[in-house]
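This is what each chain is made of:
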Amino acid sequence: MGNENNEAGRTGSVSRKTNETDIQLSFAVDGTGQAEIETDVPFLNHMLDLFTKHGHFDLSVQARGDVDIDDHHTVEDIGICLGQALLEALGDKKGIKRYASVFVPMDEALAQVIIDLSNRPHFEYRAEYPSQQVGSFSTELVHEFLWKFALEARMTLHVIVHYGQNTHHMIEAVFKALGRALDEATSIDPRVTGVPSTKGVL
């Protein structure tokens with residue numbers, strides 16, 4: 001694992017191997033929207049691609065897991081790795097905007113994601129989906145992924161799906177909003193000296 005914490009290349013990388021999953025993940029905050037994602041969970045691949053594209057990140061994920069049981073461990077562990085890589089990439093967080101609130105519509109669905117890169121992990125989730133499945137993907141795993149991502153990245157994350165009729169659209173709006181909000185919160189504000197906190201540390 002190496003941290004190149006500067007404006008030109010804030011990056012993090014994580015390798016995690018357990019009896020349930022084997023994951024290699026690298027994440028660049030200041031990317032171009034390039035995603036190289038290979039997991040055993042096709043719907044998650046799609047969502048991570050959207051997150052990366054709309055956040056202008058670079059993300060590489062190679063993950064294999066015990067999907068013969070279900071997708072839970074793979075989705076959870078990718079969330080853990082992504083959070084750890086983000087935390088590493090941000091380093092001391094000097095100069096970042098820290099906060100963001102973004103609405104994204106996806107046809108009839110509307111999602112909102114609010115982020116504080118606070119070093120205080122907290123997750124609030126308000127979403128009710130019409131269906132418990134999108135293809136073979138269980139919608140309860142969206143919560144699992146986001147919660148573990150917020151926990152390991154040590155950020156406050158609020159996710160609200162205001163309304164929608166199509167479960168795929170609703171979840172897609174969440175991941176697009178997540179990308180855009182994280183892009184804004186991690187962006188460098190030239191007016192900020194040090195870290196944006198009266199504590200002097202994040």
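Scroll up to find the structure.
A brief look at the structure comes next. Computed from a prediction, not measured in an experiment: that's the story for all the values here.

## Description of the pattern of salt bridges
- In total, this model carries ten salt bridges according to the counting rule given.
- Across the pair Asp116 and Arg98 runs a salt bridge, and its minimum N-O distance is 2.6 Å. Pair noted here: Asp116 is in strand β6 (residues 109–116) and Arg98 is in the loop between α2 (72–90) and β5 (99–106), with a separation of 18 residues, a long-range link. The burial state of Asp116 is the same as that of Arg98; both residues are buried.
- Each of the salt bridges in this network shares a partner with another, and the network as a whole consists of Glu76, Glu144 and Lys148.

## Focus: the sheet that holds strand β10 (residues 156–163)
- The sheet built from four strands is open, its strands ordered β5-β6-β10-β7 with mixed pairing. Here the strands that pair on one side only, and so sit at the sheet edges, are β5 and β7 (122–126). Direction aside, the axes of adjacent strands within the sheet are offset by 10° on average.
- The strands that helix α3 (residues 140–153) touches are β7 and β10; relative to β7, the one it contacts most, it runs at about 155°.

## A few points about α3
- For α3, spanning 14 residues, the distance from its first C-alpha to its last is 20 Å, which sits close to the expected 20 Å at 1.5 Å a residue.
- All buried positions along α3 are accounted for by Leu141, Val142, Glu144, Phe145, Leu146, Lys148, Phe149, Ala150 and Ala153.
- Summarising the contacts, the buried residues of α3 are in contact with α1 (42–55), α2, β7, β9 (137–138), β10 and α4 (167–186).
- Positive phi appears at Arg154, one or two residues downstream of α3, with a value of about 55°.

## Things to note about the nonpolar core
- One finds Leu25, Phe27, Ile115, Leu146 and Leu157 to be the most contacted residues of the largest nonpolar core, which totals 63 residues.
- For this core, the element with the highest residue contribution is α4, accounting for ten residues.
- Among residues more than four places away in sequence, those in contact with Leu146 are Phe123, Tyr125, Leu157, Val159, Val174 and Leu178.

## Let's talk about the packing of aromatic side chains
- Inspection of the entire model under this criterion finds nine aromatic pairs.
- Here the aromatic residues Phe27, Phe51, Phe57, Phe145, Phe149 and Phe175 are joined through ring pairs into a cluster of three or more.

## Some details on the environment of Ser60
- Along the chain, the position of Ser60 falls in strand β4 (residues 58–65).
- Look at Ser60 and you get buried, because its relative accessible area is 16%.
- Remark: the alpha-carbon pair of Ser60 and Gln34, spanning 26 residues in sequence, is separated by 8.3 Å.
- A polar atom in the side chain of Ser60 sits 3.3 Å from the side chain of Gln62.

## Things to note about unusual backbone geometry
- In this structure, His56 takes a positive phi of about 60° despite not being glycine.
- Mapped onto the secondary structure, His56 falls in the loop between α1 and β4.
- For His56, a relative accessible area of 42% puts it in the partly exposed group.
- Not every positive phi belongs to a glycine, and Asn119 is a case in point at roughly 70°.

Basis of the calculations
- Residues numbered from 1 in each chain as written.
- Predicted model: local features only at pLDDT ≥ 70, side-chain atom pairs only at ≥ 80, totals over all residues.
- Heavy atoms only, no water.
- Salt bridge = Lys/Arg side-chain N within 4 Å of Asp/Glu carboxyl O.
- Helix = DSSP H or I, 4+ residues; strand = E, 2+ residues; numbered from the N terminus.
- Buried < 20%, exposed > 50% of the residue type's maximum accessible area, 1.4 Å probe, protein only.
- Pairing = 2+ DSSP bridges.
- Axes fitted to C-alpha atoms, helices over the stretch in contact; angles between N-to-C directions.
- Contact = heavy atoms within 4.5 Å.
- Expected span 1.5 Å × (residues − 1).
- Core = buried A, V, L, I, M, F, W, Y, C linked by side-chain atoms within 4.5 Å.
- Phe/Tyr/Trp six-rings, centres within 6.5 Å; stacked < 30°, edge-to-face > 60°.
- Polar contact = N/O pair within 3.5 Å; in protein donor to acceptor, adjacent residues only side chain to side chain.

The values are spatial; any link to function lies outside them.
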